[in-house]
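The chain contents come next:
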Amino acid sequence: WVNINLPDGPYFHDDPVFVINVGDCLSELTGGSLRSTLHRVMPQPCKKDDSDAARTCLALFVGLEPSASLTLPNSIENMTYEEWRRDRIARATAVLKNSAIN
């Protein structure tokens, strides 16, 4: 786990910060130009009088129609979003199984 600390300065003091975590599909569709990240959130304890600790979180998960056709930059063949998603789940499962063995 790595805590992310925003720098102090005039750009962050009074302005809200908007963070977008790009998902794997968009990352692959852009050929890695937009990188997806492993994202986990752990709330930090704060004092009741700490007005700087306010945080609003909105999670929005966007997917495509299962039959949507994808053309990935590193592939010659098109695939549907459903095929891509099944392949992505299989790759993630393989990583988890491999890490459990080691």
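Residues numbered from 1 in each chain as written. Predicted model: local features only at pLDDT ≥ 70, side-chain atom pairs only at ≥ 80, totals over all residues. Heavy atoms only, no water.

Colleague: Quick question: what am I supposed to make of the overall build of the protein here?
Modeller: Each helix and strand counted, the protein has three helices and two strands in total. In the protein, the succession of α and β elements from N to C terminus is α-α-β-β-α. Relative to its 102 residues, the protein shows a buried fraction of 7%. Counting only contacts in the protein whose residues sit at least 6 apart along the sequence, the fraction spanning at least 24 positions is 33%. Looking at the protein as shown, the accessible area adds up to about 9700 Å², and 56% of this sits on carbon and sulfur atoms. (Helix = DSSP H or I, 4+ residues; strand = E, 2+ residues; numbered from the N terminus. Buried < 20%, exposed > 50% of the residue type's maximum accessible area, 1.4 Å probe, protein only. Contact = heavy atoms within 4.5 Å. Areas by Shrake-Rupley, 256 points an atom, 1.4 Å probe, with all protein chains shown as cover.)

Colleague: Explain the nonpolar core to me, please; I cannot follow it from the model alone.
Modeller: Side chains of a nonpolar character, in soluble globular proteins, are inclined to be buried together. Judged by nonpolar contacts, Cys25, Leu70, Leu72, Tyr81 and Trp84 together constitute the single largest core of five residues. In this structure Cys25 touches Leu70, Tyr81 and Trp84, once residues within four positions along its chain are discounted. (Core = buried A, V, L, I, M, F, W, Y, C linked by side-chain atoms within 4.5 Å.)

Colleague: Can you walk me through the side chain of Ser27 in this structure?
Modeller: Note on placement: Ser27 falls in helix 2 (residues 24–29). Of the residues examined, Ser27 reaches a relative accessible area of 11% and is grouped as buried. Residues within four places of Ser27 in sequence aside, it is in contact with Val22, Gly32, Leu34, Arg35 and Ser36.

Colleague: Please clarify how the environment of Met79 should be interpreted in this entry.
Modeller: Tracing the backbone shows Met79 in strand 2 (residues 79–80). Considering only alpha carbons, one finds Met79 and Ser69, ten residues apart in sequence, at a separation of 5.6 Å. Apart from residues no more than four positions distant in its own chain, Met79 is found in contact with Ala68, Ser69, Leu70, Leu72 and Trp84.

Colleague: It is not clear to me how the pattern of salt bridges should be interpreted in this structure. Could you clarify?
Modeller: Pairing of side chains with opposite charge becomes possible as their charged atoms draw close. Counted under the stated rule, the structure contains four salt bridges. Linking Asp24 and Arg88 is a salt bridge whose minimum nitrogen-to-oxygen distance equals 2.6 Å. Of this pair, Asp24 sits in helix 2 while Arg88 sits in helix 3 (residues 81–101), and the two are 64 residues apart along the sequence. According to the relative accessible area criterion, Arg88 is partly exposed, its value standing at 25%. Among the ionic pairs, Arg86 bridges to Glu82, the shortest N-O distance being 2.6 Å. Of the two residues, Arg86 and Glu82 both sit in helix 3, four residues apart, roughly one turn of that helix. The exposure class of Arg86 is exposed, given its relative accessible area of 57%. (Salt bridge = Lys/Arg side-chain N within 4 Å of Asp/Glu carboxyl O.)

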